[in-house]
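As a plain string of letters, each chain reads:
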Amino acid sequence: MGGGREAVSAYRALLRATRKSFAGDKLMLTESAIEIRKKFEENRNVTSEAEIKKLLDEASEASDFISNMIVQAKRNPSGGFVLKPGQEHAGATLEIPSEEILRKSS
């Protein structure tokens, strides 16, 4: 993607966001890194300043979303899941699917 230093900064910010949000989840870390790399590679030859700005804005929004809206659930010894939102999640509405919804989706 064009945009040089800004693109590198956006790329690193996305990787940092995934490392924090998916800490300890090797599969998610690997898959998200592959997907991020793929998106940036797809747009490597973009030269339009307007398109570059749009792509950089989207990358920034994605970083914010991953950092502030995704909370990783941890399984506790009794088999249930515990969510531990961080300070960055303050004010966010956390929707936890009910057992009924989970059964329907599997």
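Quantities reported herein were computed from a predicted structural model and do not represent experimental measurements.

(A) Up close: the overall build of the chain. Secondary structure summary: the chain contains 4 helices and 2 strands in total. For the chain, the proportion of its 106 residues judged to be buried stands at 23%. Surface exposure of the chain reaches about 8000 Å², of which carbon and sulfur atoms provide 54%.

(B) Expanded view of the nonpolar core. Counting 13 residues, the largest nonpolar core has Ala 10, Leu 14, Ile 36, Phe 40, Leu 56 and Ala 59 as its most contacted members. Secondary-structure elements contributing two or more residues to this core are helix H1 (4-21), helix H2 (26-42) and helix H3 (49-69). Other than its neighbours up to four places away in sequence, Leu 14 contacts Ile 36, Phe 40, Ala 59, Ala 62, Ser 63 and Ile 66.

(C) Spotlight on the side chain of Ser 63. Within the secondary structure layout, Ser 63 lies in helix H3. Residue Ser 63 is classed as buried on the basis of its relative accessible area, which comes to 9%. A distance of 3.4 Å separates a polar side-chain atom of Ser 63 from the backbone nitrogen of Leu 14.

(D) Looking closely at the packing of aromatic side chains. Using the criterion set out here, one finds 1 aromatic pair in the structure. Ring geometry for Tyr 11 against Phe 40: centres 5.3 Å apart, planes inclined by 75 degrees, an arrangement best described as edge-to-face. Of the two residues, Tyr 11 is situated in helix H1 and Phe 40 in helix H2; the sequence distance between them amounts to 29 residues. Owing to a relative accessible area of 12%, Phe 40 belongs among the buried residues under this scheme.

(E) Local environment of H1. When the terminal C-alpha atoms of H1 are compared, their 26 Å separation across 18 residues agrees well with the 26 Å that a helix rising 1.5 Å per residue should span. Inspection of H1 places Ala 7, Ala 10, Leu 14, Leu 15, Ala 17, Thr 18 and Ser 21 among the buried residues, and these make up the whole buried set. Down the axis of H1, the buried side of the element spans an arc of 160 degrees, and every buried residue falls inside it. Within H1, the exposed residues directed more than 90 degrees away from the buried face are Arg 5, Arg 12, Arg 19 and Lys 20.

(F) Up close: the packing of H1 against H3. As a packed pair, H1 and H3 sit with axes 9 Å apart at the nearest point and diverge in direction by 15 degrees. Here H1 lies roughly parallel to H3, going by the angle between them. The chirality of how H1 crosses H3 is left-handed. In contact with Glu 6, Ala 7, Ala 10, Ala 13, Leu 14, Ala 17, Thr 18 and Ser 21 of H1, H3 contributes Leu 56, Ala 59, Ala 62, Ser 63, Ile 66 and Ser 67. Per-class residue counts for the contact of H1 with H3 are 9 nonpolar, 4 polar and 1 charged.

About the cut-offs
- Residues numbered from 1 in each chain as written.
- Predicted model: local features only at pLDDT ≥ 70, side-chain atom pairs only at ≥ 80, totals over all residues.
- Heavy atoms only, no water.
- Helix = DSSP H or I, 4+ residues; strand = E, 2+ residues; numbered from the N terminus.
- Buried < 20%, exposed > 50% of the residue type's maximum accessible area, 1.4 Å probe, protein only.
- Areas by Shrake-Rupley, 256 points an atom, 1.4 Å probe, with all protein chains shown as cover.
- Core = buried A, V, L, I, M, F, W, Y, C linked by side-chain atoms within 4.5 Å.
- Contact = heavy atoms within 4.5 Å.
- Polar contact = N/O pair within 3.5 Å; in protein donor to acceptor, adjacent residues only side chain to side chain.
- Phe/Tyr/Trp six-rings, centres within 6.5 Å; stacked < 30°, edge-to-face > 60°.
- Expected span 1.5 Å × (residues − 1).
- Arc of directions from axis to C-beta.
- Axes fitted to C-alpha atoms, helices over the stretch in contact; angles between N-to-C directions.
- Parallel < 35°, antiparallel > 145°, perpendicular 65-115°, else oblique.
- Left-handed = near helix turned anticlockwise from the far one by under 90°.
- Nonpolar A, V, L, I, M, F, W, Y, C, P; charged D, E, K, R; others polar.

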